[in-house]
Amino acid sequence: MIKTSVALCTYNGEKYIRGQIDSILDQSLKVDEIVVCDDGSTDKTLSILAEYENRFPDIFKIHINEKNLRSVKNFEKAISLCSGEIIFLSDQDDIWESEKVKFFNDFFDTNPSIDVLCSNGFIIDENNIQKSHYTVWDVPTFLRESKKEIDYFKIFAIIGNFATGASMAIRRSFVNKIIPFPTVEGLHHDEWIALVSAEQKKFAFINDKLISYRIHSAQQVGGISYSKDDASKEKLMSRFDHDKAPKTFRDFKIKLRTLNDKERKFSAYLENDPNENVNKFLKEVQHEKSALYQKLRSEHFILFLFFKYFYR
């Protein structure tokens, strides 16, 4: 039987932490350990964690950081402390479907070439009410429905990330490929894991909805859900279709802004670490940016001059 770990990061999570932990404990296929790294909570989070540790001493391993590490480095620490063959990342405020661990373990078992797996999920509000929204996790399905090619690496490198850490699990054997996480502003740990694994063709995404992702006022990262209408669906498809050529001024502006941001992140990383993976990420971005400027020059010369001088 594959040993499983959960890397759970907490920080002032008293409002929702019981629901998340209970959903992890209630899995049809039980997890072997829950490694908690608390980042200096000042509410009742630590006392709640202590209750669970007393009830399940063989499962819970609680670590309290001496100083606040913030989300990226806290997850790095939690993952590094896990001993399971499969490591599930967990936020403190979501809820897992009872079959999540089984689904993931079965997938990893039948797909030995995959080291990182993400799933679709539901959206819930502060009162556990499920919302009927489209999400960035619907993108692969939308693209397949439209017979579009899905190149995960190209999407993550030149457009954006929909591989949310809350829905992610990784093989322990892959950890040394992703740690240490970058400390570049705006480059989150889940985006980094997705980039590295997708470039190596070790990433997969399943459409099964296996978490309920909570939207609330105190969360660090949001912006994943959209109204369930044709306009939102078209917006998501347009944004993540890496082969779609820009046509309007706004299209070019958005694409160049995205590429410039990606170039900034990867260049900032390389200033301190000549990482081979990041060089590949940067080259992908620069190749896309060069192709975009060539298109502008040949088809929209006035726009080319504008973007050349104002969007570099």
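As shown above, the structure is provided for reference.
To keep things clear, this report deals only with the structure shown in the data block. Quantities reported herein were computed from a predicted structural model and do not represent experimental measurements.

Conventions and cut-offs
- Numbering of residues starts from 1 in every chain and runs along the sequence as written.
- Since the coordinates come from a predicted model, pLDDT governs what is reported: local features require at least 70, and pairs of side-chain atoms require 80 or more to be given and counted, while whole-chain, interface and lining totals use all residues.
- Derived side-chain values reflect all non-hydrogen atoms in the structure, with water molecules and hydrogen atoms excluded from consideration.
- In what follows, salt bridge is the name for a side-chain nitrogen of Lys or Arg lying within 4 Å of a carboxyl oxygen of Asp or Glu.
- Here a helix means four or more residues in a row that DSSP labels H or I, a strand means two or more in a row labelled E, and each is numbered from the N terminus.
- Every axis in this analysis is a line fitted to C-alpha atoms, fitted for helices over the stretch in contact. Angles between the N-to-C directions lie between 0 and 180 degrees.
- Each angle is binned into one of four classes, with values under 35 degrees roughly parallel, values over 145 roughly antiparallel, values of 65 to 115 roughly perpendicular, and all other values oblique.
- Definitions for this section: a left-handed crossing has its near helix turned counterclockwise from the far helix by less than a right angle. A right-handed crossing has that turn clockwise.
- Contacts are assigned to residue pairs that have any heavy atoms within 4.5 Å of one another.
- Under the convention adopted here, Pro, Cys and the residues Ala, Val, Leu, Ile, Met, Phe, Trp and Tyr are nonpolar, Asp, Glu, Lys and Arg are charged, and Gly plus all remaining residues are polar.
- Buried means the residue's accessible area, taken with a 1.4 Å probe over protein chains only, is under 20% of the maximum for its type, while exposed means over 50%, and partly exposed covers the values in between.
- Paired strands are those between which DSSP finds at least two bridges.

**What to know about the pattern of salt bridges**
Link 1 in the chain: Within this structure, the stated rule accounts for 18 salt bridges.
Link 2 in the chain: Between Asp-106 and Lys-102 there is a salt bridge whose closest N-O contact spans 2.8 Å. Linking Asp-106 with Lys-102, this pair stays in helix α4 (residues 100-110), spanning four residues, or about one helical turn.
Link 3 in the chain: Salt bridges sharing common partners tie together Glu-191, Asp-261, Lys-262, Arg-264 and Lys-265.

**Some remarks on the packing of helix α10 (residues 249-270) against helix α11 (residues 276-299)**
Link 1 in the chain: Running from N to C, α10 and α11 point in directions that differ by 150 degrees, and their axes come no closer than 9 Å. Accordingly, the angle class assigned to the pair α10 and α11 is roughly antiparallel. Between α10 and α11 lies a crossing of left-handed hand. For the pair formed by α10 and α11, the contact residues are Phe-252, Lys-255, Leu-256, Leu-259, Asn-260, Lys-262, Glu-263, Phe-266, Ser-267, Tyr-269 and Leu-270 on the first element and Val-278, Asn-279, Phe-281, Leu-282, Val-285, Gln-286, Glu-288, Lys-289, Leu-292, Tyr-293, Lys-295 and Leu-296 on the second.
Link 2 in the chain: Split by residue class, the contact of α10 with α11 holds 13 nonpolar, four polar and six charged.

**A look at unusual backbone geometry**
Link 1 in the chain: In this model, Ile-179 is joined to Pro-180 through a cis peptide bond whose omega is 10 degrees.
Link 2 in the chain: With respect to the helices and strands, the residue Pro-180 is situated in the loop between α7 (175-178) and α8 (189-199).
Link 3 in the chain: Of note, the phi angle at Lys-147 is positive, near 60 degrees, even though the residue is not glycine.
Link 4 in the chain: Turning to its location among the elements, Lys-147 is positioned in the loop between α5 (139-145) and α6 (152-158).
Link 5 in the chain: The class of Lys-147 is exposed, set by a relative accessible area of 75%.

**Some points on the pairing of strand β9 (residues 168-171)**
Consecutive side chains along a regular strand alternate between the two faces of the sheet.
Link 1 in the chain: Along β9, one buried face is formed by Met-168 and Ile-170 and the opposite face, lined by Ala-169 and Arg-171, is buried too.
Link 2 in the chain: Sheet topology places strand β4 (residues 86-90) next to β9; three bridges connect them, and they run antiparallel. Within the sheet, the bridge partner assigned to Ile-87 lies in β9 and is Ile-170.

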